[in-house]
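# Architecture at a glance
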Amino acid sequence: MSLIFIIGPPAVGKMTVGQALEKRTGFKLFHNHVAIEVVAPFFNYGTREGRDLVHQIRRAFFQAFAADQDGGYILTFVWAFDEPGEREYLQGISDQFQAAGHDIYWVELEAPFDERLRRNRGANRLASKPTKRDLAWSEKHMHEVEEAHRFNSTQNEIDVAHYLRIENSELSADDVAAQICAAFDLGHSVD
C-alpha cells in the first residue's frame with residue numbers, strides 16, 4: 001500500500017491534482033476538506049469543538065487507511081511551516097503509515113498568490129468544498145493566512161526519501177499527476 005501526501009498553500013490545486021492522481025493510480029483521495037465539510041453544518045472549524053471533531057474524524061480514517069494492506073491513499077494538507085505542531089502532526093500520520101509497512105510519497109505544490117486567488121473561484125473547488133462558496137469570506141481568509149503563515153518549504157526543509165516539489169501555476173492537474181506518477185514509478189492503473 002502507498003500513501004501520497006500532497007501539501008501546499010490554500011487553493012494551489014491539491015484536491016484537483018489528487019483527483020487526477022486518483023484516476024491514474026486507483027488510489028482513494030481523502031482531501032483536507034472531507035472532514036471539515038462533515039462538521040461544518042454543526043460547528044465552525046475555527047472553534048475548538050469544530051477542530052476537535054475534524055481531528056477525530058481524520059484520525060479514525062487514517063487508522064483505517066493504515067490498516068488497509070491492499071489500497072492506496074492520497075491525503076492533502078495545508079502545512080503552515082511556521083506553525084508549532086504542524087510538522088509533528090504530519091510526522092505522526094507518516095509514522096502511522098510507515099509502521100504499517102506502507103510507502104510514503106510527499107508532493108509539494110506551489111503557485112503564486114494571484115493564481116491561487118483565481119483558483120479559489122474554480123467550479124470544482126466550490127462544488128467539492130461548500131465552506132469555500134462564500135467568496136468574499138474565502139478571499140479575505142486567504143489574504144489573512146497568506147500574511148500570517150509560510151505555506152511552502154525552504155530548500156531541504158523536507159527531508160524524506162520520496163519527495164517532489166512542483167510549481168504548477170502553468171500545468172494542468174493531469175500534467176502534475178503524470179509527473180508524480182513518473183517520479184515515483186506509480187504506474188497508470190486507471191485512465
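The rules we used
Every residue gets a number counted from 1 within its own chain, in the order that chain's sequence is written. Thresholds applied to this predicted model are a pLDDT of at least 70 for local features of residues and 80 or more for the giving and counting of side-chain atom pairs; totals over whole chains, interfaces and linings are not thresholded and use all residues. Note: side-chain values were computed over all heavy atoms of the structure, leaving out hydrogens and water. Runs of H or I in DSSP of at least four residues are treated as helices and runs of E of at least two as strands, each being numbered from the N terminus. What a helix is expected to span follows from its residue count: subtract one and scale by 1.5 Å. Any residue under 20% of the maximum accessible area for its type is buried, any over 50% is exposed, and the rest in between are partly exposed; the area is computed with a 1.4 Å probe on protein chains only. Our arc is simply the arc of the directions from the helix axis toward the C-beta atoms. Whether two residues are in contact is decided by their heavy atoms, any of which lying within 4.5 Å being enough. We call a set of buried residues a nonpolar core when its members are Ala, Val, Leu, Ile, Met, Phe, Trp, Tyr or Cys and they connect through side-chain atoms within 4.5 Å of each other.

### As for helix H4 (residues 86-99)
Taking 1.5 Å per residue, 14 residues should reach 20 Å; H4 reaches 20 Å between its end C-alpha atoms and fits that length. Residues of H4 that are buried include every one of Glu86, Leu90, Ile93, Ser94 and Phe97, and no others. Along the long axis of H4, the arc covered by the buried residues comes to 95°, so they all point the same way. Summarising the geometry of H4, the exposed residues directed more than 90 degrees from the buried face are Glu88 and Ala99. Contacts from the buried residues of H4 go to strand E1 (2-7), helix H3 (48-67), strand E3 (73-77) and strand E4 (103-110). Positive backbone phi, at 90°, marks glycine 101, one or two positions downstream of H4.

### Topic: the nonpolar core
Judged by nonpolar contacts, the single largest core of 22 residues is most densely connected at Ile4, Ile6, Leu21, Leu109 and Ile180. Listed by contribution, the elements that provide at least two residues to this core are E1, helix H1 (14-25), E4, strand E5 (163-167) and helix H8 (173-184). Of the residues forming this core, the biggest block, 5 residues, is contributed by H8. Counting residues in hydrophobic clusters, the runner-up holds 19 residues, among them Phe5, Leu90, Trp106 and Ile158.

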